[in-house]
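Remarks on the overall topology
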Amino acid sequence: MGTIDSLPPLREVIRTHDLQARKSLGQNFLLDLNLTAKIARAAGDLTACDVLEIGPGPGGLTRGLLAEGARHVLAIEKDRRCGPALAEIASAYPGRLTVLEGDALAIDPAAHLTPPIRVAANLPYNVGTELLVRWLTPPAWPPFWQSLTLMFQREVAERIVAQPGSKAYGRLAILAQWRAEARIAMQLPPEAFTPPPKVSSSVVHLTALPEPRFPAEADVLSRVVAAAFNQRRKMLRAALKGIAPDIEDRLIAAGLKPTDRAEQISLEGFCALARAVAQT
């Protein structure tokens, strides 16, 4: 398991504070401190950064981030049972850890962080995708974060880095690759977690680009892509008929064929379509 600080092993922490993972909260705890330190290193040089962590649980990744030199960590945790364990970490790293109890979907983290900011988290499975989409689609760009280092189910990770023509290609690939460099940094087997999930997991690292790869309005692109891949087996003119009454004309204006299907369309093509849809 390794020792990265003077605090007790995570299994002992869980036993002391009765922190059995709850399926209702999407919890799967990573207890190997060597692995949590490796994930922290995958986030890059943290010594001059504030780090946002969602769902720290008993604090394995939190300890990794602090041991790797994060200037300050803001941990948002919905499960109040984890408070005492996280308080022990805060005492071991005076002034460098702030814990907010609450729902990450309802809290504005930027108000509690000082740039530059990185995000690193073993995201709860039930909110991970929604948080990622929010972080990728703010109205203004660049975002509050420099990079995202996030744990997902392997299937979700593969959707983030997928290319046109593949079965995994879809909304997440478009939104992630439009404004960020995305790559899979690590693979983790189910047995690395307690309790073991039914699927493998992957750590994805996304670095924010200074500008989106192609111009488009975030809300329009999101709406077009969601509609296109919601009915991915249909031709675009059928899948997108609810977007605009003259959708065939707009597809042609974007250089696309109305008979194409969503998985055939490149990122550049979807951005061109978003611009055509946005025109009044």
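For every chain, the first residue of its written sequence is number 1, and the numbers climb from 1 along that sequence. Residue-level local features of this predicted model are given only where pLDDT is at least 70; pairs of side-chain atoms are given and counted only at 80 or more, and the full residue set underlies all totals for whole chains, interfaces and linings. With hydrogens and water excluded, all non-hydrogen atoms of the structure serve as input to the side-chain values.

1. What to know about the packing of helix H7 (residues 171–179) against helix H11 (residues 267–278)
Only C-alpha atoms enter the line fits that serve as axes; for helices the fit covers just the stretch in contact. Angles between N-to-C directions range over 0 to 180 degrees. Numbering goes from the N terminus for both helices and strands, where a helix is a DSSP run of H or I of at least four residues and a strand is a run of E of at least two. One can describe the packing of H7 onto H11 by two numbers: an axis separation of 10 Å at closest approach and a directional angle of 90°. The pairing of H7 with H11 is recorded here as roughly perpendicular in orientation. Between H7 and H11, the residues in contact are Ile-174, Gln-177 and Trp-178 and Leu-267, Phe-270 and Cys-271, respectively. Here the residues of the contact of H7 with H11 sort into five nonpolar, one polar and no charged. Angle categories: roughly parallel below 35 degrees, roughly antiparallel above 145, roughly perpendicular from 65 to 115, and oblique for all the rest. Note on contacts: a residue pair qualifies if any of its non-hydrogen atoms lie within 4.5 Å across the two residues. By the convention adopted, Pro, Cys, Tyr, Trp, Phe, Met, Ile, Leu, Val and Ala count as nonpolar, Lys, Arg, Asp and Glu as charged, and the other residues, Gly among them, as polar.

2. Some remarks on helix H5 (residues 128–136)
Type-normalised accessible area, obtained with a 1.4 Å probe on protein chains alone, sets the label of each residue: buried when under 20%, exposed when over 50%, and partly exposed for intermediate values. For H5, the full list of buried residues reads Gly-128, Leu-131, Leu-132, Val-133, Trp-135 and Leu-136. The secondary structure elements touched by the buried residues of H5 are strand S2 (50–54), strand S5 (117–122), strand S6 (147–153), helix H6 (154–161), H7 and strand S9 (201–208).

3. Remarks on the pattern of salt bridges
The salt bridge definition used is simple: a Lys or Arg side-chain nitrogen within 4 Å of an Asp or Glu carboxyl oxygen. Across all of its chains, the model carries ten salt bridges by this definition. The shortest N-O distance in the salt bridge between Asp-5 and Arg-63 comes to 2.8 Å. A residue pair is termed long-range when its members are at least 10 positions apart, and Asp-5 in the segment before helix H1 (10–17) and Arg-63 in helix H3 (residues 60–67) qualify at 58 residues. Relative accessible area serves as the criterion here: at 15%, Asp-5 is assigned to the buried category.

4. Examining H11
In this model H11 runs 17 Å from its N-terminal to its C-terminal C-alpha over twelve residues, within 8% of the 16 Å that 1.5 Å per residue would give. Counting buried residues in H11 gives nine out of twelve residues, a clear majority hidden from the surface. Leu-267, Gly-269, Phe-270, Cys-271, Ala-272, Leu-273, Ala-274, Ala-276 and Val-277 are the residues of H11 that are buried. On its buried side, H11 packs onto H7, helix H8 (218–230) and helix H10 (247–253). Working rule for helices: expected span equals 1.5 Å times residues minus one.

5. Observations concerning the nonpolar core
Remark: nonpolar core denotes a set of buried residues (Ala, Val, Leu, Ile, Met, Phe, Trp, Tyr, Cys) joined through side-chain atoms within 4.5 Å. In terms of nonpolar packing, the biggest core is built from 63 residues, with Trp-135, Leu-240 and Phe-270 touching the most fellow members. Among all residues touching Trp-135, those that are not within four sequence positions of it are Leu-52, Ile-54, Val-119, Leu-123, Trp-141, Pro-143, Phe-144, Trp-145, Leu-148 and Leu-150. Membership of the second largest hydrophobic core comes to 33 residues, among which are Leu-61, Ala-70, Leu-97 and Leu-188.

6. Description of the sheet that holds strand S4 (residues 97–101)
In this scheme, strands are said to pair when DSSP sees at least two bridges between them. Pairing is mixed across the open sheet formed by seven strands, whose spatial order is S4-S3-S2-S5-S6-S9-S7. Of all strands in the sheet, those with a lone pairing partner are S4 and strand S7 (180–188), marking the two edges. Ignoring which end each strand starts from, the neighbouring axes of this sheet average 20° apart. Note that S2 and S5 share three bridges and pair parallel. Its bridge partner lying in S5, Asp-50 is registered against Ile-117. Across the face of the sheet, H6 comes into contact with S6, S7 and S9 while running at roughly 135° to S6. Its contacts with the sheet put H7 on S7 and S9, and the angle it makes with S7 is roughly 120°.

7. Notes on the packing of aromatic side chains
Centres within 6.5 Å make a pair out of two Phe, Tyr or Trp rings, where for Trp the six-membered ring is used; the pair is then stacked when the planes are under 30 degrees apart, edge-to-face when over 60, and tilted otherwise. Applying the stated criterion to the full structure yields three aromatic pairs. For the pair Trp-141 and Trp-145, a centre-to-centre distance of 5.7 Å together with 85° between the ring planes defines the contact as edge-to-face. Residue classification places Trp-141 among the buried positions, given a relative accessible area of 13%. An angle of 85° between the planes, with centres 5.7 Å apart, marks the rings of Tyr-169 and Phe-229 as edge-to-face. Placement of the pair is Tyr-169 in the loop between H6 and H7 and Phe-229 in helix H8, with a sequence separation of 60 residues. Of the two residues, Tyr-169 and Phe-229, neither departs from the other in class, the shared state being buried. Each residue in the set Tyr-169, Phe-229 and Phe-270 is aromatic and connected to the rest through ring pairs, giving one cluster.

8. Quick word on the packing of H5 against H7
Close contact between H5 and H7 brings their axes to 10 Å; oriented N to C, the two are set at 35°. Where H5 crosses over H7, the handedness of that crossing is left-handed. Contacts between H5 and H7 pair Thr-129, Leu-132, Val-133 and Leu-136 from the former with Arg-171, Leu-172, Leu-175, Ala-176 and Arg-179 from the latter. For the contact of H5 with H7, the class distribution of residues is six nonpolar, one polar and two charged. For any helix crossing, the convention is left-handed if the near helix is rotated counterclockwise from the far helix by under a right angle, and right-handed if that rotation is clockwise.

9. Overview of the pairing of S6
Of all the seven residues making up S6, six are buried; the element is thus mostly covered by neighbouring parts of the structure. Relative to S6, S5 runs parallel, the two being bridged by five bridges. The residue bridging Arg-118 from the neighbouring strand is Ser-147, located in S6. Assignment of crossover handedness uses the view with strands pointing away from the viewer, where a clockwise path from the first strand over the helix to the second indicates a right-handed crossover. Crossover handedness for the path S5 to H5 to S6: right-handed. Pairing between S6 and S9: seven bridges, direction antiparallel. Bridge pairing links Thr-149 to His-205 in S9.

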